[in-house]
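Commentary on secondary and tertiary structure
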Amino acid sequence: MSVPRPRRSGGLTGRALVLGTAIVLMALVLASPLQRYLQGRSELNQASQRLRDTTARVAELRRELAQWNDPAFVERQARARLQFARPGDRVYVVLMPGLSKSDASREQVRPVLPAPGKASWQAKAWITLQVADAPP
């Protein structure tokens, strides 16, 4: 017959201590590679999303290029954007209200710069921008 062993009362056993230490060491050893792996996956997902976006943009630009190869599309764009007209078309010019015919013959009335020292620097800057924006 075997002799019964006395039972321990809920204390920390040597096996539990070794097992706990092994788990903590494994967590410490695997934390850095796991973090790098997850970061790499995130970067890969972002790069793949950028690739999908770029591929969609390339497809859109190819469709637009195909449109520009159509002479009818080019003509519509020239008429809409550049106000081109074909020979024989009737063209109307709408004048701004309040301009006389002599003013209408010019494309735009250019602002006059004030004499030096007469206006604030903000007014001079604004008028300079208006002059730069006006056609020659």
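Residues numbered from 1 in each chain as written. Predicted model: local features only at pLDDT ≥ 70, side-chain atom pairs only at ≥ 80, totals over all residues. Heavy atoms only, no water.

On to the overall build of the protein, then. Scanning the protein from N- to C-terminus turns up four helices and zero strands. Scanning the protein from its N terminus toward the C terminus, one meets helices and strands in the order α-α-α-α. Split into buried and exposed, the 136 residues of the protein put 4% on the buried side. Summed over all atoms, the accessible surface of the protein reaches about 13,000 Å², with 62% contributed by carbon and sulfur. (Helix = DSSP H or I, 4+ residues; strand = E, 2+ residues; numbered from the N terminus. Buried < 20%, exposed > 50% of the residue type's maximum accessible area, 1.4 Å probe, protein only. Areas by Shrake-Rupley, 256 points an atom, 1.4 Å probe, with all protein chains shown as cover.)

Further remarks concern the side chain of Gln-77. In this fold, Gln-77 is placed in helix H2 (residues 71–82). With residues up to four places along the chain from it excluded, the contact list for Gln-77 reads Trp-68 and Leu-82. (Contact = heavy atoms within 4.5 Å.)

Turning to unusual backbone geometry, a few remarks are in order. At Gln-83, a position not held by glycine, the phi torsion is positive, near 55 degrees. Checked against the element boundaries, Gln-83 lands in the loop between H2 and helix H3 (101–105).

Scanning the model with the defined rule gives four salt bridges in all. The residue Arg-57 makes a salt bridge to Glu-60 at a minimum N-O spacing of 3.1 Å. Taken together, the residues Arg-57 and Glu-60, both in helix H1 (residues 14–68) and three residues apart, mark about one turn of the helix. Residue classification places Arg-57 among the partly exposed positions, given a relative accessible area of 44%. On the basis of relative accessibility, which here comes to 38%, the residue Glu-60 falls in the partly exposed class. Taking the shortest distance from any N to any O, the salt bridge between Arg-86 and Glu-75 comes out at 3.7 Å. Taken together, the residues Arg-86 in the loop between H2 and H3 and Glu-75 in helix H2 connect sequence positions 11 residues apart. When its relative accessible area of 49% is taken as the criterion, Arg-86 is described as partly exposed. (Salt bridge = Lys/Arg side-chain N within 4 Å of Asp/Glu carboxyl O.)

For the rest of this paragraph, the subject is the environment of Arg-52. Examined against the element boundaries, Arg-52 turns out to sit in helix H1. Judged by its relative accessible area of 48%, Arg-52 falls in the partly exposed class. In this structure the side chain of Arg-52 is engaged in a polar contact, spanning 2.8 Å, whose partner is the side chain of Ser-48. (Polar contact = N/O pair within 3.5 Å; in protein donor to acceptor, adjacent residues only side chain to side chain.)

Our next topic: the confidence of the model for the protein. Looking at the protein as a whole, the pLDDT averages 81, with 76% of positions reaching at least 70. Within the protein, H1 carries the highest mean pLDDT (93), whereas H3 carries the lowest (58). (pLDDT = per-residue confidence, 0-100.)

A few words on the packing of aromatic side chains. If you walk through the whole model with that rule in mind, you get one aromatic pair. Measuring from ring centre to ring centre gives 5.0 Å for Trp-68 and Phe-73, while their planes differ by 85 degrees; the resulting arrangement is edge-to-face. Overall, Phe-73 belongs to the buried group, its relative accessible area being 12%. (Phe/Tyr/Trp six-rings, centres within 6.5 Å; stacked < 30°, edge-to-face > 60°.)

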